[in-house]
Amino acid sequence: MKQKLSIVKIGGNILENEIELDQFLLNFSKLEDPKILVHGGGKLATKLAAKLGIKSKMTSGRRITDAKSLEVITMVYGGLTNKNIVAKLQALGTNAIGLSGADGNTVQAHKRPVKEIDFGFVGDIDGINSELIDTLVEVKLTLVFCAITHNGKGQLLNTNADTIASELAIGMSHKYKTTLYYCFEKKGVLQDIENDDSVIIHIDTNNYNDLLGQNIISDGMLPKMQNCFHALQQNVDKVCIGNISMLETDSNLYTTITL
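Below is a short write-up of the structure. (Residues numbered from 1 in each chain as written. Predicted model: local features only at pLDDT ≥ 70, side-chain atom pairs only at ≥ 80, totals over all residues. Heavy atoms only, no water.)

1. Considerations on the overall build of the protein
Within the protein, the secondary structure is distributed over eight helices and 14 strands. For the protein, the C-alpha radius of gyration of 18 Å lies close to 18 Å, the compact-globule estimate for 259 residues. Along the first, second and third principal axes, the C-alpha atoms of the protein reach 45 × 45 × 35 Å. Expressed as a percentage of its 259 residues, the buried residues of the protein come to 49%. Taking the intrachain contacts of the protein between residues at least 6 apart in sequence as the baseline, contacts between residues at least 24 apart amount to 69%. (Helix = DSSP H or I, 4+ residues; strand = E, 2+ residues; numbered from the N terminus. Rg over C-alpha atoms; globule rule 2.2 N^0.38 Å. Buried < 20%, exposed > 50% of the residue type's maximum accessible area, 1.4 Å probe, protein only. Contact = heavy atoms within 4.5 Å.)

2. As for the side chain of T159
Along the chain, the position of T159 falls in the loop between β10 (156-158) and α6 (161-172). Among all residues touching T159, those that are not within four sequence positions of it are G123, I125, A147, T149 and I164.

3. What about unusual backbone geometry?
With a phi close to 65°, K140 is a non-glycine residue in the positive phi region. In this structure, K140 sits in the loop between α5 (130-138) and β8 (142-146). The exposure class assigned to K140 is exposed, which follows from its relative accessible area of 71%. Of note, N215 is a non-glycine position whose phi angle comes to about 60°, a positive value.

4. Re the pairing of strand β1 (residues 4-10)
For a regular strand, the rule is simple: side chains alternate between the two faces of the sheet. Within β1, six of the seven residues are buried, which leaves the element mostly enclosed by the surrounding structure. Sheet topology places β1 next to strand β11 (residues 177-183); seven bridges connect them, and they run parallel. Residue pairing for β11: I10 is matched across the bridge by C183. Relative to strand β2 (residues 35-39), β1 runs parallel, the two sharing five bridges. In the strand pairing of β2, V8 is matched with L37. (Pairing = 2+ DSSP bridges.)

5. Focus on the packing of aromatic side chains
Evaluation of the coordinates by the stated rule reveals two aromatic pairs. Both rings, one in F24 and one in F28, keep their centres 5.9 Å apart while their planes meet at 20°; by these two values the pair is stacked. Placement of both F24 and F28 in helix α2 (residues 18-29) is noted, with a separation of four residues, approximately one turn of the helix. In this structure, F24 and F28 share a single accessibility class: buried. Here the aromatic rings of Y208 and F229 are separated by 4.5 Å at their centres, their planes lie at 35°, and the arrangement is tilted. Here the residue Y208 occupies a position in helix α7 (residues 205-213), and F229 occupies one in helix α8 (residues 221-233), the gap between them amounting to 21 residues. We classify Y208 as buried; its relative accessible area is 9%. With relative accessibility at 7%, the residue F229 sits in the buried group. Looking at K224, its charged tip hangs above the ring of Y182, at a distance of 4.9 Å from the centre. Stacked on the ring of F184, the Lys or Arg K224 has its end atom at 5.5 Å from the ring centre. (Phe/Tyr/Trp six-rings, centres within 6.5 Å; stacked < 30°, edge-to-face > 60°. Lys NZ or Arg CZ within 6 Å of the ring centre and 35° of its normal.)

6. As for the side chain of K88
On the secondary structure map, K88 appears in helix α4 (residues 67-91). At 2.8 Å, the side chain of K88 forms a polar contact with the side chain of D22. Setting aside residues up to four positions removed in sequence, K88 forms contacts with E18, L21, D22 and L25. (Polar contact = N/O pair within 3.5 Å; in protein donor to acceptor, adjacent residues only side chain to side chain.)

7. Brief notes about the sheet that holds β2
Pairing in this open sheet of eight strands is mixed, and the strands run β5-β8-β2-β1-β11-β13-β14-β12 from one edge to the other. Unpaired on one side and paired on the other, β5 (96-99) and β12 (202-203) mark the two borders of the sheet.

8. Digging into the nonpolar core
One finds I36, I203 and M225 to be the most contacted residues of the largest nonpolar core, which totals 51 residues. Ranked by residue count, the leading element in this core is α6, at seven residues. In contact with I36, other than residues within four places in its own chain, are L5, S6, I7, V8, F28, I133, V137, L143, F145 and L168. By size, the runner-up hydrophobic cluster in this structure holds 22 residues, among which are L25, I85, A96 and L247. (Core = buried A, V, L, I, M, F, W, Y, C linked by side-chain atoms within 4.5 Å.)

Here is the structure:
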């Protein structure tokens, strides 16, 4: 029987809030199974860029990453945010190691081709080095990935953290029973966006199509859900979406997604 592996992606609003972040990391540290954490840090990067006089460019909620922005993103994601998380996990007795996709060639990507929009130095993932990741997991290291990959030719690439988490879960599913957690500020996928307690407890392929038809799932949640079903179709066991309480053992108010 396969051992369980938890892949947890933490959202930017939690990273911004010191109290929420500390509570999340406490809950995360208590997960007994092997675990991997994935984070971004877009809001912090935007703030630092503004202080440095670098204007952040966005289109449809997605960042355009020019050369200057990439420098800031690398500093914030791979430096300040990543090392802060690693240090906090060490204080909680979790032996964590911070990684970008370039470290150990763990996440390979290519620069997104220019179509209607040139996203700049944004990466689309080609593959993960599951063998090395497994070696690190087996020696009981907790991996903390920032949302940076590389193209194998010396170029770092800003890459969507949800997608990195999804691809890690897929890549490790050949050996582990992988559960993918998307942890953000809401309690789950909501039936009514105005009601924080209207959590849809379970979504599968059938009721997902109904929810799409009723426009209950739209806008910002749509790409996340597409990531979820892509992962499930590639042998990930299940995907859970909720807030920081989702990782608590007695919690049941969050959304679980299965095929």
